[in-house]
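Coordinate analysis (summary)
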Amino acid sequence: MKKWKKVIPAVLTVCMLAGCGMAEKDDSVYRVSMVAGTGGINDQSFNQLSWEGLQSFGEHTGADVRVLESKQASDYLTNIDRATDTYSDLVWALGYSLADPMLTIAKMNPDINFAIVDYAFDDSPQNCTGVVFRAQESSFLVGYIAGLTTKTDKVGYVGPMKSFLNDQFQYGYMGGVAYAGYVQGREIEVHSQFTESYSDAAKAKAISNKMYSNGCDIIFHSAGGAGYGVIESAKENGKLVIGVDTDQSHLAPDNVLTSGMKNTNIAVELVSTMAMNGEEIGGNTYSYGLKEGCVGIPEENKIMDPAVYDQAMELQQMIIDEELTPPVSEETYQAFVEGLGK
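Residues numbered from 1 in each chain as written. Predicted model: local features only at pLDDT ≥ 70, side-chain atom pairs only at ≥ 80, totals over all residues. Heavy atoms only, no water.

Structural notes on the pairing of strand β4 (residues 90-94)
- Among the five residues of β4, five are classified as buried, and the element is accordingly described as predominantly covered.
- What you see with β4 is no split at all: Leu-90, Trp-92 and Leu-94 on one side and Val-91 and Ala-93 on the other are buried throughout.
- Judged from the four bridges that link them, strand β2 (residues 31-35) and β4 form a sheet pairing that is parallel. If you follow Met-34 over to β4, its bridge partner there is Trp-92. (Buried < 20%, exposed > 50% of the residue type's maximum accessible area, 1.4 Å probe, protein only. Helix = DSSP H or I, 4+ residues; strand = E, 2+ residues; numbered from the N terminus. Pairing = 2+ DSSP bridges.)

Printed below as a string of structure tokens:
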């Protein structure tokens, strides 16, 4: 096992596209680089939380951590390659869209560990690690909360685009709404639509305005930066919205009912620590959910009925104890709904 000398303070460097050059190798310092997706590290969501986790890792261990931001998808390959030029011991890629570029560079650098958030390998290369989240678990919780809270029996979901990953959010949420309807003996409609973008807040706002005008009183979004449009729509329409990835209540304290959190920061710090301590993380895909504290809802929910929160916590324990399995796809959702009441 390789031992690393702790260096204080940690170096926390943001490398922009034109500003991240070669660094001199210092074997006493453990180096980790992160390549962010196009949402940027100030998206108050997935990218930002992941970078905060890496910064925390640096502060706790003295590791040298840095991030490269991508303005467009064509930057991914270049940025991951640049991350290896900084003599990184571990390179993080944020999001499944970076999987192919990461694999290309990983094959060229077998002595460097690579890890990716939100991607599971079918056959993981020995220097690559996948980290996935059971987002369906937190999405089921917020769907259940929406189903217990709605006054119109119509709720909405705004996603970015169809994919296996986004199905976890959509069908987990729909499963939670269906379960709430089942326990209450109510029929609750879920209206779903996609922005086809993680950044088009204007389109997300237009979709949400229509949903609210059609009777939805609560909308859950999983659209990254585009989700700001959903939250803005909720504020203007005096309706409720459910945030994603982080606690987004600060964006609209009187409108954000709760948030389906995906604590990528915890996972990034955990896996980075494992790698720094010499554990063989390569060739593995790690799955994190409620049990590991990597998904969930905030402890503080200002406008949620305390009784609803208590019921949600009971449901959370059922999921942790594997008494209930949230759906992850249209097929498993249909099976889940058909199984209610049997």
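Digging into the environment of Lys-107
- In this structure, Lys-107 sits in helix α3 (residues 99-108).
- Among the residues examined, Lys-107 registers a relative accessible area of 68% and is labelled exposed.
- The spatial distance from the C-alpha of Lys-107 to the C-alpha of Thr-84 is 12 Å, given a sequence separation of 23 residues.

A few points about the confidence of the model for the protein
- The share of residues in the protein with pLDDT of 70 or more is 92%, and the mean pLDDT across the chain is 91.
- Note on residues 1-23: pLDDT is under 50 here. Beyond four places in sequence and across chains, it has 56 contacts. (pLDDT = per-residue confidence, 0-100. Contact = heavy atoms within 4.5 Å.)

A few points about the side chain of Thr-246
- Residue placement: Thr-246 occurs in the loop between β10 (240-245) and β11 (256-262).
- Excluding residues within four positions of it along the chain, Thr-246 makes contact with Gln-44, Ser-45, Leu-49, Ser-259 and Met-261.

A short note on the sheet that holds strand β9 (residues 218-221)
- One open sheet holds the six strands; their spatial order is β8-β7-β9-β10-β11-β13, and the pairing between them is mixed. Edge positions in the sheet fall to β8 (189-194) and β13 (295-296), since each of these pairs with one other strand and no more.
- Sheet analysis places strand β7 (residues 154-159) next to β8, joined by six bridges and oriented parallel. Counterpart to Lys-154 in the pairing with β8 is Glu-189.
- Each of β7, β9, β10, β11 and β13 is contacted by helix α4 (residues 135-149), which is oriented at about 165° to β11, the strand it contacts most. (Axes fitted to C-alpha atoms, helices over the stretch in contact; angles between N-to-C directions.)

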